[in-house]
Amino acid sequence: MSPEEGNGKLDKHDFVVRFAGEGGQGLVTSADALARAAAHAGYFIQTHSTYPSQIIGGPASSQVRISTTPVLSSGDGVDVLVALNQHAYDNHFEDLNGGGVTVYNAEEYDLPEGGHYFGIKADELAKSTGNARAANMVTIGAVATLIDFDLQEIDEFIRQRFTRGRPGDDEIIIANIEAVRLGADVARTSGFTVGQLESPVPHEGGQVILTGNAAISIGAMAAGLEFYAGYPISPATTILIWMEQNLWGEGRFVHQVSSEIEAINAIIGAGFAGKKAMTATAGPGFSLMSEGLGLAWMAEIPLVVTNVQRGGPATGLPTKSEQSDLYTCMHPAHGDIRMPVLAPGSVEECFYAGALATNWAERYQGPVILVTEFGLAERGENIKKPDLAEISTESRAQVSEGDTGKRYDSWDGTTPLPGMPVPGGPGAYVANGSEHDEIGDTTHLPRHHVRLMERRFKKLDLLDGAHYEIENADADVIIMPWGSSKGPAREAYDRLRERGEDVGWLFSVALHPLPGEVKDVLKSADKIIVPELNYLGQWSALLRQEGYRAESITQYTGLPFKPSDLVRRISERIGVGVTA
Amino acid sequence: MSKRNLEYDFAWCPGCGDFGVRRALQVALEKFSVEHEEPQSKNVVVAGIGCSGNMVHLVEGDQPFGIHGIHGRTLPIAFGVKMGRPDLNTVVVAGDGDFLAIGAEHIAPAANRNVDITAVIMDNGVYGLTKGQSSPTTEFGAVTPSTPHGKIESALSPLKYYMSIGVTYIASYYSSKPRQLAVIIQEAMNHRGFSIVHVQSPCTTYNDTYDLLKGKPKEGIAGLAFEIPEDHDPTSAQAAVDLLDRPGIPLGVVFRHEGPSMQDRHEGLQAQAPVRSNQEILDSYLLQV
């Protein structure tokens with residue numbers, strides 16, 4: 001990467017600060033503190049962490065990108081690296097942008113003189129404040145000084161965090177503020193700076209900081225979720241934890257069950273019984289849910305399965321980014337099945353997709369797949385606080401006493417989908433995974449298989465209302481990422497447009513069924529480039545299957561795309577100069 | 001679930017034990033509904049895959065709701081029904097293959113939870129629908145199409161297994177006396193917690209055990225089945241264990257323990273769990289100013 005790229009345009013309004021070391025060293029806490037202070041000051045932030053799949057220790061990092069404009073991705077490189085051990089420095093210094101500075105832990109190791117770095121003894125300085133636990137704040141003080149971030153904002157953050165109504169609050173606050181100043185002094189003395197952060201544009205209205213997993217959970221609750229069963233698995237566990245904390249109250253139930261097989265079947269039972277039900281899992285658990293999803297499709301049971309992707313196959317890469325479950329989300333079970341699939345591309349979209357998935361399940365009386373990915377699930381972003389009053393809550397059509405229709409009547413889409421009987425009410429039937437007649441009795445007569453196959457697929461036509469974006473649709477080349485690759489792809493698209501390239505933009509949260517307008521663009525496009533984090537190029541293959549002229553740019557490193565890499569690779573594909 | 005559905009693609013063999021169990025379940029559901037002054041539609045029958053699973057379609061008269069799901073997953077589905085809608089009487093019907101082989105992993109969690117479900121298990125010691133393969137309760141050494149040189153596994157003792165994992169209501173019966181079986185099933189439905197009624201339900205085609213169970217009194221041959229003595233105390237775990245050490249198939253209630261069900265425990269937690277509105281939850285993520 002050229003110094004111009006790293007420090008030319010970005011250093012005024014956009015910085016990446018990364019804390020690298022070992023798990024358990026407070027890396028996430030440090031990044032989170034800086035992120036919250038920055039968001040509080042009016043900036044946009046996005047955090048991103050990497051860590052090994054173990055309880056304590058192992059190489060880990062946590063970073064925050066701070067910007068005056070909404071943050072789309074974790075960025076290209078790092079402006080300030082805090083390296084708590086030699087290993088962390090060795091592994092991360094190559095990610096530094098030109099002009100970037102490393103703050104190293106001088107209590108742990110030393111670096112030869114003359115480099116773009118300086119050492120800091122955070123523990124020693126923290127002790128001098130009388131509060132040994134303030135070492136993180138020493139480091140944050142140094143970092144803030146390097147990016148010229150207003151220290152008073154950090155003071156304010158400290159006051160809020162440590163005002164807890166306890167006797168020692170004041171002492172802790174004073175010590176932490178002192179720690180920030182000591183760190184700032186070290187940075188100032190070093191003479192290094194990485195630039196000056198522009199003043200933020202104040203946010204309009206309330207802001208919330210959410211992770212993708214929390215956003216999905218709140219969205220589903222807003223649409224009336226009542227039942228959750230789940231099994232711990234990275235990176236979906238935080239949804240289970242969230243539900244265990246929040247899904248209480250009359251008519252609600254949440255439980256950690258004994259396997260993903262139990263989870264899917266429990267929500268089938270709950271969905272059948274009239275409840276809005278969801279589970280969340282990752283690849284291995286999703287594989288175990290395969291047969292149950294087939295039953296839900298066949299018997300037409302409303303439910304939502306969230307698949308927070310990680311690297312696969314098998315145990316794969318439990319705490320890394322990959323988008324390699326798309327085939328299996330579309331076709332999770334044997335037989336003729338194609339699931340509705342929603343793939344949000346940002347934390348804000350996770351919120352609305354959580355609500356829409358719940359509504360879709362009720363609307364078409366069947367299972368819905370909501371697919372995200374490690375990086376999106378765990379990153380924090382500040383977004384405009386959603387207005388809950390704007391969220392519609394749909395409930396499955398009811399059956400009234402005297403209705404002559406049967407549960408599994410034929411349906412051709414020309415009338416509203418008939419109601420779904422609920423136990424205790426009229427219209428008793430058998431929800432049957434075998435092919436069946438109108439009331440759910442098993443029959444393998446051709447006419448029933450034909451009419452119900454058509455009913456099951458026809459119902460998909462009911463599913464609309466998901467967010468999509470179309471720009472410059474008549475361009476020669478359309479860039480169409482899916483899911484969490486949206487952010488880096490959008491940054492790449494913006495840079496290509498600024499450069500005057502004739503590229504278009506297409507993004508759809510709904511991957512199946514696709515909105516009509518999105519299909520129209522796909523039909524007319526000569527070349528659709530799909531950046532996606534998998535080996536097979538799964539989304540472009542599915543698009544080609546529909547006759548669209550799509551090709552992928554793939555990456556399977558376990559890490560998200562860097563916008564600069566995408567600029568280079570898209571440029572190569574469209575045969576223009578590759579300077580980003 | 002209709003009385004006679006000409007298009008229905010399934011029929012039990014003549015003499016199948018499941019006919020008797022069906023009659024018993026039907027009577028028990030009717031009487032339970034009358035007893036609790038609830039409509040039949042408040043009953044949900046969750047069936048597994050196999051001959052016994054078809055029972056859900058063959059219940060006559062005023063209809064309960066039914067789920068004919070996938071192999072081995074009756075308990076998880078019933079768990080979702082019951083905890084989603086505690087007002088529903090939730091009954092599992094499954095065979096020994098469905099419940100004790102592919103579905104075995106779900107029995108202990110159901111027992112730990114003491115979830116208020118009644119499981120009526122039809123044990124014929126064979127996979128009938130797939131034509132006669134060995135099941136967990138097939139005797140050691142038995143020759144079947146899948147064990148042509150003799151079964152290499154020991155036979156499972158289901159009742160001992162249920163006792164060992166803490167099922168709070170365990171009854172054992174056979175299919176030949178539907179009226180008496182109905183009384184037990186109804187009692188099991190009234191038990192607040194996880195109840196299993198394990199029924200010997202012979203397969204006349206592949207494993208006809210009628211004579212073995214009942215014996216041949218005229219020829220002086222005693223059957224395996226024996227009435228549980230009247231002085232048996234089903235509330236005593238020790239008495240239940242002793243009873244199960246006796247050879248043969250006991251007929252009656254083996255064990256019964258009154259205690260809080262999962263629903264009771266959940267209501268207890270519900271009373272203490274802080275309930276926040278969606279708006280309060282969302283607002284807790286607000287950036288403080």
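Rules used in this analysis
Residues numbered from 1 in each chain as written. Chains lettered and ligands numbered in written order. Predicted model: local features only at pLDDT ≥ 70, side-chain atom pairs only at ≥ 80, totals over all residues. Helix = DSSP H or I, 4+ residues; strand = E, 2+ residues; numbered from the N terminus. Rg over C-alpha atoms; globule rule 2.2 N^0.38 Å. Buried ≥ 20, exposed ≤ 12 C-beta atoms within 10 Å, placed from the backbone. Contact = placed C-beta atoms within 7 Å. Pairing = 2+ DSSP bridges. Axes fitted to C-alpha atoms, helices over the stretch in contact; angles between N-to-C directions. Nonpolar A, V, L, I, M, F, W, Y, C, P; charged D, E, K, R; others polar. Domains from an automatic or database assignment. Left-handed = near helix turned anticlockwise from the far one by under 90°. Parallel < 35°, antiparallel > 145°, perpendicular 65-115°, else oblique. pLDDT = per-residue confidence, 0-100. Core = buried A, V, L, I, M, F, W, Y, C linked by C-beta atoms within 7 Å.

1. Some words on the overall build of chain A
Point 1. Each helix and strand in chain A was counted, giving 20 helices and 21 strands.
Point 2. In terms of overall dimensions, chain A is globule-like: its C-alpha atoms have a radius of gyration of 26 Å, near the 25 Å expected for 580 residues.
Point 3. Principal-axis analysis of the C-alpha atoms gives chain A an extent of 85 × 65 × 40 Å.
Point 4. Across the 580 residues in chain A, those meeting the buried criterion constitute 57%.
Point 5. Taking the intrachain contacts of chain A between residues at least 6 apart in sequence as the baseline, contacts between residues at least 24 apart amount to 71%.

2. A short note on the sheet that holds strand S3 (residues 89-95) of chain B
Point 1. On the basis of which strands lie adjacent, the open sheet formed by nine strands has the order S15(A)-S2(B)-S1(B)-S3(B)-S4(B)-S6(B)-S5(B)-S10(B)-S9(B) and mixed pairing. The outermost strands of the open sheet, each flanked by one partner alone, are strand S15 (430-432) of chain A together with strand S9 (225-227) of chain B. This sheet shows a mean twist of 20° between the axes of neighbouring strands, independent of strand direction.
Point 2. Sheet topology places strand S1 (residues 43-47) of chain B next to S3 of chain B; five bridges connect them, and they run parallel.

3. Notes on the interface of chain B and chain A
Point 1. Taken together, the contact pairs 48 residues of chain B with 56 residues of chain A.
Point 2. Elements with a contribution of two residues or more to the side of chain B that touches chain A: helix H2 (55-58), strand S2 (65-68), helix H3 (74-84), helix H10 (262-272) and helix H11 (278-283) of chain B.
Point 3. Ranked by the residues each element gives to the side of chain B that touches chain A, the list is headed by H3 of chain B, at eight residues.
Point 4. Among the residues forming the side of chain B that touches chain A, the class breakdown is 24 nonpolar, 16 polar and eight charged.
Point 5. When S15 of chain A meets S2 of chain B, the two strands line up parallel, connected through three bridges. Each bridged residue has a counterpart across the sheet, and for Asn-432 of chain A the counterpart in S2 of chain B is His-68 of chain B.

4. As for the domain arrangement of chain A
Interfaces are often sized by the amount of accessible area the parts lose when they come together.
Residues and elements named next belong to chain A.
Point 1. For chain A, the assigned domains read domain 1 (3-190), domain 2 (209-390), domain 3 (397-463) and domain 4 (468-574).
Point 2. Once you take the C-alpha centre of each, domain 2 and domain 3 turn out to be 25 Å apart.
Point 3. Put simply, the parts of the chain that give the side of domain 2 that touches domain 3 at least two residues each are helix H12 (290-299) and helix H14 (347-364).
Point 4. No other element matches the four residues that H12 contributes to the side of domain 2 that touches domain 3.
Point 5. Taken together, the residues of the side of domain 2 that touches domain 3 sort by class into ten nonpolar, three polar and two charged.

5. Examining the packing of helix H8 (residues 212-222) of chain A against H14 of chain A
Residues and elements named next belong to chain A.
Point 1. In contact at an axis separation of 7 Å, H8 and H14 are set at 35° when each is read in the N-to-C sense. For the element pair H8 and H14, the recorded crossing hand is right-handed. Listed contacts from H14 to Gly-212, Ala-215, Ile-216, Ser-217, Ile-218, Gly-219, Ala-220 and Ala-222 of H8 are Val-347, Cys-350, Phe-351, Tyr-352, Ala-353, Gly-354, Ala-355 and Thr-358.
Point 2. Here the contact of H8 with H14 is composed, by residue class, of eleven nonpolar, five polar and no charged.

6. Side note on H8 of chain A
All names here are of chain A.
Point 1. Of all eleven residues in H8, eleven are buried, a share of seventy percent or more.
Point 2. By the burial criterion, the buried members of H8 are Gly-212, Asn-213, Ala-214, Ala-215, Ile-216, Ser-217, Ile-218, Gly-219, Ala-220, Met-221 and Ala-222.
Point 3. Looking one or two residues beyond H8, the residue adopting positive phi is Gly-224, at roughly 100°.

7. A few points about unusual backbone geometry
Negative phi is the rule for most residues except glycine; trans is the rule for most peptide bonds.
Residue and element names in this part refer to chain A.
Point 1. In the segment running from Ser-234 into Pro-235, the intervening peptide bond is cis, with an omega of -5°.
Point 2. By the element assignment, Pro-235 lies in the loop between strand S8 (227-230) and helix H9 (237-246).
Point 3. With omega at 0°, the peptide bond leading from Gly-312 into Pro-313 counts as cis.
Point 4. Within the secondary structure layout, Pro-313 lies in the loop between strand S11 (303-309) and helix H13 (326-330).
Point 5. Even without a glycine there, the phi angle at Glu-300 is positive, about 65°.
Point 6. Note on placement: Glu-300 falls in the loop between H12 and S11.
Point 7. Positive phi outside glycine occurs at Asn-472, with the angle close to 50°.
Point 8. Tracing the sequence through the fold places Asn-472 in the loop between strand S16 (468-471) and strand S17 (477-479).

8. Some words on the packing of helix H10 (residues 260-272) of chain A against H3 of chain B
Point 1. H3 of chain B packs onto H10 of chain A with a crossing angle of 45° between their chain directions and a minimal axis gap of 6 Å. Relative to H3 of chain B, the element H10 of chain A lies oblique. The two elements H10 of chain A and H3 of chain B cross, and the hand of that crossing is right-handed. Note on element contacts: H3 of chain B touches H10 of chain A through Pro-76, Ile-77, Ala-78, Phe-79, Gly-80, Val-81 and Gly-84 of chain B, opposite Ile-261, Glu-262, Asn-265, Ala-266, Ile-267, Ile-268, Gly-269, Ala-270 and Phe-272 of chain A.
Point 2. Residues of the contact of H10 of chain A with H3 of chain B, tallied by class, amount to eleven nonpolar, four polar and one charged.

9. What to know about the confidence of the model for chain B
Point 1. Averaged over every residue, the pLDDT of chain B is 94; the share at 70 or more is 96%.
Point 2. Here the complex is predicted with pTM 0.95, and the ipTM for its interfaces comes to 0.97.

10. Description of the sheet that holds strand S20 (residues 527-532) of chain A
Adjacent strands of a sheet form backbone hydrogen bonds with each other and so pair up, either parallel or antiparallel.
Residue and element names in this part refer to chain A.
Point 1. Reading across the sheet, the five strands line up as S16-S18-S17-S20-S21 and stay open at both edges, with mixed pairing between neighbours. Single-partner strands in this sheet number two, and they are S16 and strand S21 (550-554). Direction aside, the axes of adjacent strands within the sheet are offset by 25° on average.
Point 2. When S16 meets strand S18 (residues 503-508), the two strands line up antiparallel, connected through four bridges. Residue pairing across strands places Glu-471 opposite Trp-505, the latter belonging to S18.
Point 3. Here helix H17 (residues 486-498) sits on the sheet in contact with S17, S18 and S20, set at roughly 160° to S18.

11. Side note on the confidence of the model for chain A
Point 1. On average, residues of chain A score 94 in pLDDT, and 97% of them are at 70 or above.
Point 2. This model gives residues 1-11 of chain A a pLDDT under 50, and the stretch forms 23 contacts once residues within four places in sequence are excluded.

12. A few points about the nonpolar core
Point 1. Ranked by internal contacts, the top residues of the largest apolar core, which has 250 residues, are Val-80, Val-138, Val-143, Ile-267 and Leu-342 of chain A together with Val-120 and Ile-185 of chain B.
Point 2. Among the elements that make up this core, the one with the highest residue count is H14 of chain A (eleven residues).
Point 3. For Val-138 of chain A, the residues in contact, after removing those within four places along its chain, are Ile-120, Ala-122, Leu-125, Ala-126, Ala-179, Leu-182 and Gly-183 of chain A.

13. Some words on the environment of Glu-262 of chain A
Point 1. Tracing the chain through its elements places Glu-262 of chain A in helix H10.
Point 2. The class of Glu-262 of chain A is buried, set by 28 C-beta atoms lying within 10 Å.
Point 3. Note: C-alpha distance between Glu-262 of chain A and Met-289 of chain A (27 residues apart in sequence) is 8.6 Å.
Point 4. Once you skip the residues sitting within four places of it in the chain, Glu-262 of chain A turns out to touch Val-257 of chain A together with Pro-76, His-106 and Pro-109 of chain B.

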